[in-house]
Amino acid sequence: MMADDWNVDDLALCISRHERYPPEVRPGVILIVREVIGDMVDVVTGHHGIALRFRGAPDLGPRAAYCARRFRKITPCEADAFDHEVIDIMTEAAAGHE
């Protein structure tokens, strides 16, 4: 996936969880992208790839982020006011801020 496929404010569905991720970032959770990093090196494998940081999700550290391969971009139909409210509630609940 190329960096330009991801944008700030995109919805991301978690499809797999790395053991280093906090428990609230797990398959099935939907997060909102707050930063896209175009070329981050995996410290374990040395592979380069796209990384994401999310609103309301814990940061993994100053030189770490969530691997974009573990997420799928959700492209909803044009959202209305109700959709925005539901998305806000879901992302707050996922972040533990109910």
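This text goes with the structure placed above it.
To start, this report covers the structure provided alongside it. (Residues numbered from 1 in each chain as written. Predicted model: local features only at pLDDT ≥ 70, side-chain atom pairs only at ≥ 80, totals over all residues. Heavy atoms only, no water.)

### Things to note about the overall build of the protein chain
Stage number 1. A tally of regular secondary structure across the protein chain gives one helix and five strands.
Stage number 2. Relative to its 98 residues, the protein chain shows a buried fraction of 32%.
Stage number 3. In the protein chain, once contacts between residues fewer than 6 apart in sequence are set aside, the share between residues at least 24 apart is 49%.
Stage number 4. With an accessible surface of roughly 6,400 Å², the protein chain has 55% of that area assigned to carbon and sulfur atoms. (Helix = DSSP H or I, 4+ residues; strand = E, 2+ residues; numbered from the N terminus. Buried < 20%, exposed > 50% of the residue type's maximum accessible area, 1.4 Å probe, protein only. Contact = heavy atoms within 4.5 Å. Areas by Shrake-Rupley, 256 points an atom, 1.4 Å probe, with all protein chains shown as cover.)

### Looking at the sheet that holds strand S1 (residues 11-14)
Stage number 1. Taken in spatial order, the five strands make up an open sheet running S4-S3-S2-S1-S5, and their pairing is antiparallel. Looking along the sheet, the strands with just one partner apiece sit at the ends: strand S4 (66-67) and strand S5 (71-74).
Stage number 2. Across two bridges, the pairing between strand S3 (residues 48-54) and S4 is antiparallel. The partner of Ala-51 across the bridge, within S4, is Cys-67. (Pairing = 2+ DSSP bridges.)

### A short note on the nonpolar core
Stage number 1. Trp-6, Val-25, Leu-52, Phe-54, Tyr-66 and Phe-71 are the most contacted members of the largest nonpolar core, which has 18 residues in total.
Stage number 2. Listed by contribution, the elements that provide at least two residues to this core are S1, strand S2 (30-41), S3 and S4.
Stage number 3. The element that contributes the greatest number of residues to this core is S3, accounting for three residues.
Stage number 4. Setting aside anything within four residues of it in sequence, one finds Leu-52 in contact with Trp-6, Val-33, Glu-35, Val-36, Ala-65, Tyr-66, Ala-68 and Phe-71. (Core = buried A, V, L, I, M, F, W, Y, C linked by side-chain atoms within 4.5 Å.)

### Quick word on the side chain of Asp-10
Stage number 1. Along the polypeptide, Asp-10 turns up in the segment before S1.
Stage number 2. Here the side chain of Asp-10 touches Lys-73 through a polar contact of 3.2 Å, side chain to side chain. (Polar contact = N/O pair within 3.5 Å; in protein donor to acceptor, adjacent residues only side chain to side chain.)

### So, the environment of Arg-17
Stage number 1. Secondary-structure assignment places Arg-17 in the loop between S1 and S2.
Stage number 2. Distance from Arg-17 to Phe-71, taken between C-alpha atoms, is 9.2 Å for residues 54 residues apart in sequence.
Stage number 3. Other than its neighbours up to four places away in sequence, Arg-17 contacts Pro-22, Pro-23, Val-25, Arg-26, Pro-27 and Arg-70.
Stage number 4. At 3.4 Å, the side chain of Arg-17 and the backbone oxygen of Val-25 are in polar contact.

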